[in-house]
Amino acid sequence: MIKKMNTFLSLVAVSSVFSLSSCNKVYESTAYGINQSSIHNQIFVSKVTTRVKKGRIVSSDIEEIYTPSYWAKVSNADKDKLDVIEVSVNSQTINYAKYIQVGNQIWIGALRDSSDKLYNLGEYIKYSLPNSQEKPLEGDLITYITPRAASSDLGSSAQAYYDAYKNENIKLLKLSGENNYTDSMVLPAFTDGKIVKGSSRYTSYYEAIDKIDQYFSNKQLNYKASNGGRKTIVAKSGTWCYNPSLANIDEDDPTLLDELAEKAFNNDELWEKIEGATASAIALESVQNIFACVNKNFVALEYKSVK
């Protein structure tokens, strides 16, 4: 009887230790996003890795890389070695490779319309996929790698681009005969390093990102960019603030939603200041992109981290 009791107590102890270690486990998820930074007039591809423990955010790592608007530039010394598209910007001429390869996909460039919002974010060239039959151009690389807003979309297309870029599986091509694209042997331009954080031009920007990461610590997240027609992130006295109460309103009736959203939006006590994240250092679109990626990661991990 004593032996059976000791065995039972041992099983309880083992079970308790297992449950405790399970509760203390830190889970990790990675989401990818597109950061349209109006401050820098540039678009970055973001990789956001978030750690969650016991249903709360522990921390996040944020790394960003460049789009072809950065690495597909061609110097005047190399422009005769491949097909280029010339763009006049602020009285300067910039050469871009017309044909590029990302992973196993070939993209063909054309000058983007200046009325396009992406043009004003430095995406002067629209890279599209050729159709294999009648050969019209399809899509837009930036649109192609932009994740859907759905919380379940962690950004697989953006991840494929990110992986190809980091593995240097990107090329500037030249056209040698009909539909015969070959490596021009002109290397992609990485004048400021391969990752955005490596450039001193973005020091204050990444300091703001660190402050956003600190804001998330030990929090739960149910982010929406807007609710009831009102933004959940706004700048107050030059600092970005988030209104979780506004984001958390769940109401199907449009009239009641509008009423609740207005009350939450106008209640100063519901706005949480993200200390150190200033509107002069980081654009709203950048803050929204980080929130969206961290939220997707949190949704993927919340239940798993508490069960």
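Before reading further, recall that the structure is shown in the block above.
This report concerns the structure included in the present document.

Parameters and conventions
Residues numbered from 1 in each chain as written. Predicted model: local features only at pLDDT ≥ 70, side-chain atom pairs only at ≥ 80, totals over all residues. Heavy atoms only, no water. Helix = DSSP H or I, 4+ residues; strand = E, 2+ residues; numbered from the N terminus. Buried < 20%, exposed > 50% of the residue type's maximum accessible area, 1.4 Å probe, protein only. Contact = heavy atoms within 4.5 Å. Areas by Shrake-Rupley, 256 points an atom, 1.4 Å probe, with all protein chains shown as cover. Core = buried A, V, L, I, M, F, W, Y, C linked by side-chain atoms within 4.5 Å. Pairing = 2+ DSSP bridges. Axes fitted to C-alpha atoms, helices over the stretch in contact; angles between N-to-C directions. Salt bridge = Lys/Arg side-chain N within 4 Å of Asp/Glu carboxyl O. Phe/Tyr/Trp six-rings, centres within 6.5 Å; stacked < 30°, edge-to-face > 60°. Lys NZ or Arg CZ within 6 Å of the ring centre and 35° of its normal.

Before going further, it helps to spend a moment on the overall build of the protein. Regarding its fold elements, the protein presents eight helices and 17 strands. The buried share of the protein, reckoned over its 307 residues, is 42%. Restricting the contact set of the protein to residue pairs at least 6 apart, pairs at least 24 apart contribute 63%. Summed over its atoms, the accessible surface of the protein is roughly 16300 Å², and 49% of this surface lies on carbon and sulfur atoms.

Take the nonpolar core next. Within the largest apolar cluster, 71 residues are counted, with the highest numbers of intra-cluster contacts made by Trp71, Ile100 and Phe291. With eight residues, the single largest contributor to this core is helix H8 (residues 284-306). When sequence neighbours within four positions are dropped, the list of residues in contact with Phe291 reads Ile212, Tyr215, Phe216, Leu221, Tyr223, Ile233, Tyr242 and Ile274. Residues Leu246, Leu257, Ala261 and Ala264 belong to the second largest nonpolar core, which totals five residues.

On to the sheet that holds strand S16 (residues 239-242), then. Sheet architecture is open: three strands sit in the order S15-S16-S17, paired in antiparallel fashion. The open sheet has two edge strands with one neighbour each: strand S15 (233-236) and strand S17 (272-278). Across the sheet, the mean angle separating the axes of adjacent strands is 35 degrees when strand polarity is ignored. With four bridges connecting them, S15 and S16 associate as antiparallel partners. In the sheet register, Ile233 faces S16, and the bridge partner there is Tyr242. Packing against the sheet, H8 makes contact with S15, S16 and S17, and its axis sits at approximately 135 degrees to S15.

Looking now at the sheet that holds strand S5 (residues 84-89). With antiparallel pairing, the three strands of this open sheet are ordered in space as S4-S6-S5. Pairing within the sheet leaves two strands with one partner each, and these edge strands are strand S4 (73-74) and S5. Across six bridges, S5 lies against strand S6 (residues 92-97) in antiparallel orientation. The residue bridging Val89 from the neighbouring strand is Gln92, located in S6.

Let us now look at unusual backbone geometry. Although it is not a glycine, Lys54 adopts a positive phi angle of roughly 50 degrees. Counting through the fold element by element, Lys54 comes out in the loop between strand S2 (42-53) and strand S3 (56-66). When its relative accessible area of 46% is taken as the criterion, Lys54 is described as partly exposed. At Glu168, a position not held by glycine, the phi torsion is positive, near 60 degrees. Mapped onto the elements, Glu168 comes out in the loop between helix H4 (156-166) and strand S11 (170-175).

Two side chains bearing opposite charge may form a pair once their charged atoms approach each other closely. Taken as a whole, this structure holds 12 salt bridges when the rule is applied. With a closest N to O distance of 3.6 Å, Arg148 and Asp153 form a salt bridge. Using a relative accessible area of 13% as the deciding quantity, one classes Asp153 as buried. Ionic pairing is found between Lys263 and Glu259, a salt bridge with its closest N-O pair at 3.6 Å.

Across all of its chains, the model carries 21 aromatic pairs by this definition. Judged by centre distance (5.5 Å) and plane angle (65 degrees), the rings of Tyr32 and Tyr162 are edge-to-face. On the criterion of sequence distance, the pair formed by Tyr32 in strand S1 (residues 27-37) and Tyr162 in helix H4 is long-range, its members being 130 residues apart. By relative accessible area, which is 2% here, Tyr162 ends up buried. Between Tyr242 and Phe291, the aromatic rings sit 4.9 Å apart at their centres with planes inclined by 55 degrees, giving tilted as the arrangement. Of the two residues, Tyr242 is situated in strand S16 and Phe291 in helix H8; the sequence distance between them amounts to 49 residues. You can call Phe291 buried: its relative accessible area is 0%. Here the basic side chain of Lys194 rests over the ring of Phe190, its NZ or CZ set 5.5 Å away from the ring centre. When the ring centre of Tyr215 is taken as reference, the NZ or CZ atom of Lys219 above it lies at 4.3 Å.

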